[in-house]
Amino acid sequence: MTSGEEKGTSGWSRADRRAWIAVLLVGIAVGFVNATSGIIEGSGDHWIEPVLWETTSAVVIVALAPLIGRAMRRWPPRADNLPSFALIHLGLTVPFALAHILFIFVMRETAYWVVGAHYGFFDDNGVAITVLYEWRKDILSYAAIAATYWIFEYVERRRAAAAQPMTDDRIEVRDGGAAVFLAPGDISHVEAAGNYVEFHAGAKTHLVRGTLASWEARLTARGFVRVHRSRLVNRTKIAALKPTPSGDVEITLSNGRTVLGSRRYRATLAGAD
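The rules behind each value
- Residues numbered from 1 in each chain as written.
- Predicted model: local features only at pLDDT ≥ 70, side-chain atom pairs only at ≥ 80, totals over all residues.
- Heavy atoms only, no water.
- Helix = DSSP H or I, 4+ residues; strand = E, 2+ residues; numbered from the N terminus.
- Buried < 20%, exposed > 50% of the residue type's maximum accessible area, 1.4 Å probe, protein only.
- Contact = heavy atoms within 4.5 Å.
- Areas by Shrake-Rupley, 256 points an atom, 1.4 Å probe, with all protein chains shown as cover.
- Axes fitted to C-alpha atoms, helices over the stretch in contact; angles between N-to-C directions.
- Parallel < 35°, antiparallel > 145°, perpendicular 65-115°, else oblique.
- Left-handed = near helix turned anticlockwise from the far one by under 90°.
- Pairing = 2+ DSSP bridges.
- Phe/Tyr/Trp six-rings, centres within 6.5 Å; stacked < 30°, edge-to-face > 60°.
- Lys NZ or Arg CZ within 6 Å of the ring centre and 35° of its normal.
- Core = buried A, V, L, I, M, F, W, Y, C linked by side-chain atoms within 4.5 Å.
- Salt bridge = Lys/Arg side-chain N within 4 Å of Asp/Glu carboxyl O.

## Structural notes on the overall build of the protein chain
- Counting its secondary structure elements, the protein chain contains six helices and ten strands.
- Burial analysis of the protein chain (273 residues in total) assigns 37% to the buried set.
- Long-range pairs, those at least 24 residues apart, make up 51% of the contacts in the protein chain between residues at least 6 apart in sequence.
- Element-wise, carbon and sulfur atoms account for 62% of the exposed surface of the protein chain, whose accessible area totals about 15,200 Å².

Laid out in structure tokens, this is it:
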């Protein structure tokens, strides 16, 4: 695959599967500790109640975990986007918490109804306070799951980069349904394009699904340098650098094409000059 990960019939990458299993195991452990603590402390009218509460919460969180993993791939953390990254994922904790609350409410109320009892999830504090209380906890759950997926994705990218055959320096990309092998020296620059990455090699442009951050981890060792939040440039293809009035850098490539470099990467570009 273009990201260096192996995908099974379910479409999950190896990093996804391992991250989800880690979330599952932690969820089981946390649920067990919380349930047994509730039993010992006498929470509820019967020992089965703490077990029901913790089990339903853990089941919903583990089920929602892959969506957090997808969000982390869609909006990964980078040195130049940390404020927007934090705001996006903080915003995503709201639908995550609402989904968590809705499903545990339905599951618990159904279980209580089956035995002729009433759960009363919102009876004591009302809807607003209960939602705020649960959202506060779900922020921490979201952050922990997001960090787990990011760590496994990072480790998998490094593993895939290290596994690249040393006898063949070409880079395999999948343009549509075809596998294309590009020599690093043939690529002038690489640009982000939404959910895709554009590889510019000579007169051709190859559109590959993935993120620029994941490709940067593989291309840095091949002589590529980040010059913009959405652009990597092959150092060997830089012909000239020209400052602009705004403080950015106009980069002239060996093929005559001009691309823009951000002022944030001036120090990096100075090393490439």
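The discussion continues.
## Description of the packing of helix α1 (residues 14–41) against helix α2 (residues 48–74)
- Running from N to C, α1 and α2 cross one another at 155°; their axes reach a closest spacing of 9 Å. With respect to α2, the axis of α1 lies roughly antiparallel. Our pair here, α1 against α2, has a crossing hand that is right-handed. Contacts from Asp-16, Trp-20, Val-23, Leu-24, Gly-27, Gly-31, Asn-34, Ala-35, Gly-38 and Ile-39 of α1 reach α2 at Pro-50, Val-51, Glu-54, Ala-58, Val-62, Ala-65, Pro-66 and Arg-73.

## Overview of the sheet that holds strand β6 (residues 224–228)
- Judged by pairing direction, the sheet is antiparallel, and its five strands sit side by side in the order β5-β4-β3-β7-β6 without closing on themselves. Only two strands of the sheet have a single partner each, and these edge strands are β5 (204–209) and β6. Across the sheet, the mean angle separating the axes of adjacent strands is 20° when strand polarity is ignored.
- Relative to β5, strand β4 (residues 196–201) is paired through six bridges, and the arrangement is antiparallel.

## Considerations on the packing of aromatic side chains
- For the coordinates displayed, the defined rule picks out nine aromatic pairs.
- Judged by centre distance (5.8 Å) and plane angle (70°), the rings of Phe-96 and Tyr-142 are edge-to-face. Taken as a pair, Phe-96 in helix α3 (residues 82–114) and Tyr-142 in helix α4 (residues 126–162) lie far apart in primary sequence, 46 residues in all.
- The positively charged end of Arg-108 is found above the aromatic ring belonging to Phe-121, 5.9 Å away from the centroid.
- Sitting over the face of the ring of Tyr-196, Arg-209 holds its NZ or CZ atom 5.3 Å from the ring centroid.

## Structural notes on the pairing of strand β8 (residues 238–243)
- Pairing of β8 with strand β9 (residues 249–253), which is carried by five bridges, proceeds in the antiparallel orientation. If you follow Ala-240 over to β9, its bridge partner there is Thr-252.
- Between β8 and the antiparallel strand that follows it, β9, lie five residues; Gly-247 among them carries a positive phi value of about 100°.

## Things to note about the nonpolar core
- With 22 residues, the main nonpolar core has Val-23, Ile-68, Phe-96, Tyr-142, Ile-145 and Tyr-149 as its most contacted residues.
- Counting residues per element, the ones that place at least two in this core are α1, α2, α3 and α4.
- It is α2 that provides the largest number of residues to this core, a total of eight residues.
- Those residues within four positions of Ile-145 in sequence are excluded, and the remaining contacts are Val-23, Ile-61, Ala-65 and Ile-68.
- Counting residues in each nonpolar core, the second largest holds 14 residues, with Ile-171, Leu-182, Ile-187 and Phe-224 among its members.

## A word on the environment of Ala-240
- Residue position: Ala-240 is located in strand β8.
- Considered as a pair, Ala-240 and Ser-254 are 14 residues apart in the sequence and their alpha carbons are 8.4 Å apart.
- The contact partners of Ala-240, leaving out residues within four places of it in the chain, are Glu-250, Ile-251 and Thr-252.

## Digging into the sheet that holds β9
- Taken in spatial order, the three strands line up as β8-β9-β10 in an open sheet, and their pairing is antiparallel. Only two strands of the sheet have a single neighbouring strand rather than two, namely β8 and β10 (258–261). Averaged over all neighbouring strand pairs, the angle between strand axes comes to 25°, with direction disregarded.
- Direction of pairing for β9 relative to β10: antiparallel, over a ladder of four bridges.

## Concerning the pattern of salt bridges
- One pass over the full model with this rule turns up six salt bridges.
- Here Glu-191 ties to Arg-231 by a salt bridge, and the two come within 2.7 Å at their closest N and O atoms. In this pair, Glu-191 is assigned in strand β3 (residues 187–193) and Arg-231 in strand β7 (residues 231–234), connecting sequence segments 40 residues apart. One exposure class covers both Glu-191 and Arg-231, and it is buried.
- The partner of Asp-248 in a salt bridge is Arg-263, with the nearest N and O atoms 3.7 Å apart.

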